[in-house]
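What follows is each chain in one-letter form.
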Amino acid sequence: MATGEAHRIASRRNGTTNDHLSASRIETRPRPMSAGRVARSLMRDCPGWLCWYGRATRVWWGMPPSGYWYPWLIEAATPDELADRVRQIRAADQHISHRPR
């Protein structure tokens, strides 16, 4: 039996839990269902971009469309920050495409 599972069983028996510790960790990470909804919303707001929440990295990621002038993945701590970064890159795209040649 894993140590964590043994601890949970013992906690249930004596009525103690570590809910106060795990609650703070859960608040900083989105639930998988809500992460998917937020990612779909980001992709609607950022056409062509692929957006997702990395459960292992605990950050939001964005990948530009294939062939886009900006070839790197971007990361952000929050969905709003990711959307802002995509908007900045798209604004730079507008600026670059309107330069005289």
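Residues numbered from 1 in each chain as written. Predicted model: local features only at pLDDT ≥ 70, side-chain atom pairs only at ≥ 80, totals over all residues. Heavy atoms only, no water.

Asks: Describe the pairing of strand 1 (residues 50-54), naming the residues involved and giving the relevant values.
Replies: One ladder, built from five bridges, connects strand 1 with strand 2 (residues 59-63); its direction is antiparallel. Each residue of the ladder has a partner; that of C51, found in strand 2, is G62. Linkage of strand 1 to strand 2, two consecutive antiparallel strands, is achieved through a turn of four residues, within which R58 is found at a positive phi near 60°. (Pairing = 2+ DSSP bridges. Helix = DSSP H or I, 4+ residues; strand = E, 2+ residues; numbered from the N terminus.)

Asks: Could you give me a rundown of a nonpolar patch on the surface, with the residues and numbers involved?
Replies: Judged by side-chain polarity, L50, M63 and L73 come together as a nonpolar surface patch covering roughly 250 Å² of accessible area. Structurally, M63 can be placed in strand 2. On the basis of relative accessibility, which here comes to 36%, the residue M63 falls in the partly exposed class. (Patch = residues over 30% accessible without salt bridge, like charges linked within 9 Å, V, L, I, M, F, W, Y side chains within 5 Å. Areas by Shrake-Rupley, 256 points an atom, 1.4 Å probe, with all protein chains shown as cover. Salt bridge = Lys/Arg side-chain N within 4 Å of Asp/Glu carboxyl O. Buried < 20%, exposed > 50% of the residue type's maximum accessible area, 1.4 Å probe, protein only.)

Asks: Run through the environment of R40, naming residues and quoting values.
Replies: Locating R40 in the fold gives a position in helix 3 (residues 32-45). For R40, a relative accessible area of 46% puts it in the partly exposed group. Along the sequence, R40 and W52 sit twelve residues apart, while their C-alpha atoms lie 8.3 Å from each other.

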